[in-house]
Every structure is written in C-alpha cells, then in structure tokens.
Amino acid sequence: MNRFLRTIQKFFNIKPRGIPVLMYHYIDNIPVPSAIDPDLFRKEMVFIKENCNPITMGDLIEYLKGQKTLQNNSVLITFDDGTADFYYNALPILKELNLPSILYIATGYIGSYLPSPSHNWKYKMLGWDEVEEISQCENIEIGAHSVTHPRFNLISNDKIRYEVIESKEVLEKNTGKPVIHFSYPKGYTNREIIK
C-alpha cells in the first residue's frame, strides 16, 4: 500500500475535526515532485470511491458555515493550474468513478505552456475547447487560479485584484458558467491578501 493510502486510512481512523482537501497538480509521468503517475492516481481514486465520501466545494462551504453535516470520511478533490494532463489522464478516471472535484485554472496560459522555473519544465495547458468540455461535466467544477500564476505576496494589491477578477471573468465568458471559487497560486497568501 502506498504512502497516500496509509496516510488517508490513518487520518480517518482518528476522527478528524476538519475535512481533508486533496490537492493534485500533474497526473503524468514527468520528473517533478508534484506529479503523480496516472496508474497510482487511479488507485487513489478507487480507494476514495470505496472508502470515502467525496464532496463538492458547495458541500464544504455549507459545512464550514454550520449549514450541513458531513461524514467523518469526507474529502474534497482539487486540481491546480489547468494543465492538459488533467484532460487526458485525470478526467477519464473522475468521470468513470463519478467523483466530484474542482479544477482551478490559470487563464493566461490556456492554449499555451505554463512555465516552471523551479523545475526547469514547461507544462502544456488545456485549450479553450477542452476547458469548455470540462465545464459541461456534471461533477467537475471550474475555479479561478489567477491569470499569470504569480506569488501574491510579491505583487501589488492592484495586480492581485486584476489576477482574481480577470481570471474569474474570462472563465465565465468562455464557459458560460459562474466561477465562484479561487485557489491562490502556489498557496502564497496572508491576511492582507485575503482581505
């Protein structure tokens, strides 16, 4: 059994006070730490399907507001960036297993490549046709993940506003669906940024 499966089983055995959010990046065989082999990803998703209660972001928000009760084994599955491997490697598995998830997309790179200076690698991004198709999937929600994927703690408030608002608006325009969730690029935030 891999480390993920052992960790998630241990987590559920201790009756958590919160809901785990499983954040994936690249479902592909590429030489970066944030990538996971598609076969291993399938095993993890089968485990979740058989042993967990996968929830939507809406479920999580209602839970956090005290409007909903969730099972102890609830999990939220998320994907950051919007790279093409999501469409080719993750989406078929999520659809087959009927697992809800949310895909956060950095809109400025759609149809191009997302650079990664830290890994000396470029990630092929989804095209607009793929984004539109994904947005029509019943259990897959689209969220904003900025335009240019910057570290928010290194840019001005005006630039932060642009990154949040523009990414939301361009996704809504191209999918015809509301975008009501945002994931901070690289996780960099603080109280002032959240405000």
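Check the entry above for the structure.
The present account deals with the structure reproduced in this document.

Here is what the cut-offs are and how they apply
- Residues numbered from 1 in each chain as written.
- Predicted model: local features only at pLDDT ≥ 70, side-chain atom pairs only at ≥ 80, totals over all residues.
- Heavy atoms only, no water.
- Helix = DSSP H or I, 4+ residues; strand = E, 2+ residues; numbered from the N terminus.
- Expected span 1.5 Å × (residues − 1).
- Bend = angle between axes of the 7 residues up to and from the residue.
- Buried < 20%, exposed > 50% of the residue type's maximum accessible area, 1.4 Å probe, protein only.
- Pairing = 2+ DSSP bridges.
- Lys, Arg positive; Asp, Glu negative; His and termini not counted.
- Salt bridge = Lys/Arg side-chain N within 4 Å of Asp/Glu carboxyl O.
- Polar contact = N/O pair within 3.5 Å; in protein donor to acceptor, adjacent residues only side chain to side chain.
- Contact = heavy atoms within 4.5 Å.
- Core = buried A, V, L, I, M, F, W, Y, C linked by side-chain atoms within 4.5 Å.

With 14 residues, helix α4 (residues 84-97) should cover 20 Å at 1.5 Å per step; its first-to-last C-alpha distance of 20 Å lies within 8% of that length. If you look at α4, its biggest bend is around 45 degrees, right at Ala 90, and the proline Pro 92 turns up within four residues after that. A positive backbone phi angle near 55 degrees is found at Asn 98, which sits one or two residues after α4.

Right, let's get into the pairing of strand β9 (residues 140-144). Most of β9 is tucked away, with four of its five residues classed as buried. Relative to β9, strand β6 (residues 101-105) runs parallel, the two sharing five bridges. Within β9, the residue paired with Tyr 104 across the bridge is Gly 143.

In this structure, Asn 98 is a non-glycine residue whose phi angle is positive, near 55 degrees. Among the structural elements, Asn 98 can be located in the loop between α4 and β6. In this structure Asn 98 comes out as partly exposed when scored by relative accessible area, which is 48%. In this structure, His 149 takes a positive phi of about 60 degrees despite not being glycine.

Mapped onto the fold, Glu 130 is located in helix α5 (residues 128-135). No salt bridge is formed by the buried Glu 130; its nearest oppositely charged neighbour, Lys 124, is found at 5.4 Å. One polar contact links Glu 130 to Tyr 88, side chain to side chain, over a distance of 3.0 Å. If we ignore the near neighbours within four places in the chain, the residues touching Glu 130 are Tyr 87, Tyr 88 and Met 125.

Over its 19 residues, helix α6 (residues 157-175) extends 27 Å from the first C-alpha to the last, a length consistent with the 27 Å expected when each residue adds 1.5 Å. At the exit of α6 stands Gly 176, carrying a positive phi of roughly 75 degrees.

Residues Tyr 24, Phe 41, Met 45, Phe 79, Phe 86, Leu 94 and Ile 134 are the most contacted members of the largest nonpolar core, which totals 32 residues. Taken together, the elements giving at least two residues each to this core come down to β1 (21-24), α2 (38-51), β5 (74-81), α4, β6, α5 and β9. In terms of residue count, the dominant contributor to this core is α4 (seven residues). Among all residues touching Phe 79, those that are not within four sequence positions of it are Tyr 24, Ile 27, Phe 41, Phe 86, Ala 90, Leu 94, Ser 101, Ile 102, Leu 103 and Tyr 104.

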